[in-house]
Amino acid sequence: MNEYKVSLEQEGKRLDVFLTDVMEGSRSYIQSLIKSGHVLVNGKVGKANLRLNADSTISVDIPEPESVEILPEDIPVEYLYEDHDIIIVNKPRGMVVHPAIGNYSGTLVNALLYHCKDLSGINGEIRPGIVHRLDKDTSGVMMAAKNDAAHLGLAEQVKAHSAKRTYLALVQGNIVEEKGIIKAPIGRHPKDRMKMAVVFENSKEAVTHFRVLERYGYHTLVECVLETGRTHQIRVHFAHIGHPVVNDPFYGYRRMDFPIEGQALHSHTLDVVHPITGEPMHFEAPVPEDFQNCIAFAKEYRERR
């Protein structure tokens, strides 16, 4: 039985919306739990449209999961490299990496299963082959493993920080420094469990290196290298220093008409050692058109001011 406390900021939310925010799973899955009587509000069976009061206790009894078959799907994805052990993809913006409770289709895993049939089984039936993740609205280079030996080798490089990943980010404002290091621990936001934040309790060390590539007066293009790989790390770190990623729906501000869905963040390059042959390898995902359009928009915005 999982329990959640309603904060003052969450007062007035519908029960189904509240649980969708704090739990993993789609809103339809949450609603099915409520409808089947698995959710109690202060000890009584709740309804999806119930408006919550502060300090209410929500208890959720999650039934044992049924066996789920993740089906291959013919979804177009650009494959940058492939051999018997690994596969490197250019994940499009808007694609979820792997299935989650209540949402088992349309993901990168579904596309990979159609394309290459065999993926490593270390992460189970929901996340086969997935060594690391990208946020849904972050595009770019990403690696997956076709067998367990390759998976373990790649995962060890991620853990040891020897797999070098660089990102491009268009951020708000003019960063004065040419380069810098953001070192600030990241954990769950104390009030909004869907978000991450720089916090000093129940957090993990997080380090982002960056250098400025171009300045557009009101926006800055930066290259980021992750020393650690925390959830939403780049997005949280740049929001923390007052330069959130452009169009970030979670951590951004001053929304403008940038021609992009989601944050202007792109996984640009990956340097890794082949987990079986030991060969150093370099991969690069071209900057997508929507990101290039954001840069053009930033330049035009500067000219208009």
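No experiment lies behind these values; they were computed from the predicted model shown. (Residues numbered from 1 in each chain as written. Predicted model: local features only at pLDDT ≥ 70, side-chain atom pairs only at ≥ 80, totals over all residues. Heavy atoms only, no water.)

## Focus on the pattern of salt bridges
Then step 1. Summed over the entire model, instances satisfying the criterion amount to nine salt bridges.
Then step 2. The salt bridge involving Arg215 is made with Glu178; its shortest N-O contact spans 3.2 Å. With Arg215 in strand 13 (residues 207–215) and Glu178 in the loop between strand 8 (164–172) and strand 9 (179–183), this residue pair connects regions lying 37 residues apart in the sequence.
Then step 3. Residue Glu178 is classed as exposed on the basis of its relative accessible area, which comes to 52%.
Then step 4. Across the pair Arg235 and Asp248 runs a salt bridge, and its minimum N-O distance is 2.8 Å. With a gap of 13 residues between them, Arg235 in helix 5 (residues 233–240) and Asp248 in the loop between helix 5 and strand 15 (265–273) connect regions that are remote in the sequence.
Then step 5. On the accessibility criterion, Arg235 (5% relative accessible area) is buried.
Then step 6. Linked through salt bridges whose partners overlap, the residues forming this network are Asp135, Arg235 and Asp248. (Salt bridge = Lys/Arg side-chain N within 4 Å of Asp/Glu carboxyl O. Helix = DSSP H or I, 4+ residues; strand = E, 2+ residues; numbered from the N terminus. Buried < 20%, exposed > 50% of the residue type's maximum accessible area, 1.4 Å probe, protein only.)

## A short note on the confidence of the model for the chain
Then step 1. For the chain, per-residue confidence averages 90 on the pLDDT scale, and 94% of positions sit at 70 or higher.
Then step 2. Mean pLDDT across the elements of the chain ranges from a minimum in helix 2 (residues 27–35), with 84, to a maximum in strand 16 (residues 280–284), with 98. (pLDDT = per-residue confidence, 0-100.)

## Quick word on the environment of Leu154
Then step 1. Take Leu154: it is sitting in helix 4 (residues 148–159).
Then step 2. Placed 115 residues apart in sequence, Leu154 and Thr269 show a C-alpha to C-alpha distance of 16 Å.

## A closer look at helix 6 (residues 289–304)
Then step 1. A rise of 1.5 Å per residue sets the reference length of helix 6, with its 16 residues, at 22 Å; its end C-alpha atoms lie 22 Å apart and thus fit the reference within 8%.
Then step 2. Looking only at helix 6, the buried set comprises Phe291, Cys294, Ile295, Phe297, Ala298 and Tyr301. All buried residues of helix 6 lie within an arc of 160° about the axis, which places them on one face of the element. Structural note: helix 6 exposes Glu289, Glu303 and Arg304 on the side pointing more than 90 degrees away from its buried face.
Then step 3. Close packing links the buried residues of helix 6 with strand 8, strand 14 (219–226) and strand 15. (Expected span 1.5 Å × (residues − 1). Arc of directions from axis to C-beta. Contact = heavy atoms within 4.5 Å.)

## Structural notes on the sheet that holds strand 10 (residues 186–188)
What links the strands of a sheet is backbone hydrogen bonding, and the strands pair in either a parallel or an antiparallel sense.
Then step 1. On the basis of which strands lie adjacent, the open sheet formed by three strands has the order 11-10-12 and antiparallel pairing. Two strands in the sheet have a free side with no partner beyond their single neighbour: strand 11 (196–198) and strand 12 (203–204).
Then step 2. Along the sheet face, helix 5 touches strand 10 and strand 11 and points at about 45° away from the line of strand 11. (Pairing = 2+ DSSP bridges. Axes fitted to C-alpha atoms, helices over the stretch in contact; angles between N-to-C directions.)

## Focus on the pairing of strand 4 (residues 57–60)
Then step 1. Judged from the four bridges that link them, strand 1 (residues 2–5) and strand 4 form a sheet pairing that is antiparallel. Looking at strand 4, one finds that Glu3 is bridged to Ser59.
Then step 2. Across three bridges, the pairing between strand 2 (residues 39–41) and strand 4 is antiparallel. Within strand 4, the position partnered with Val41 by the bridge is Ile58.

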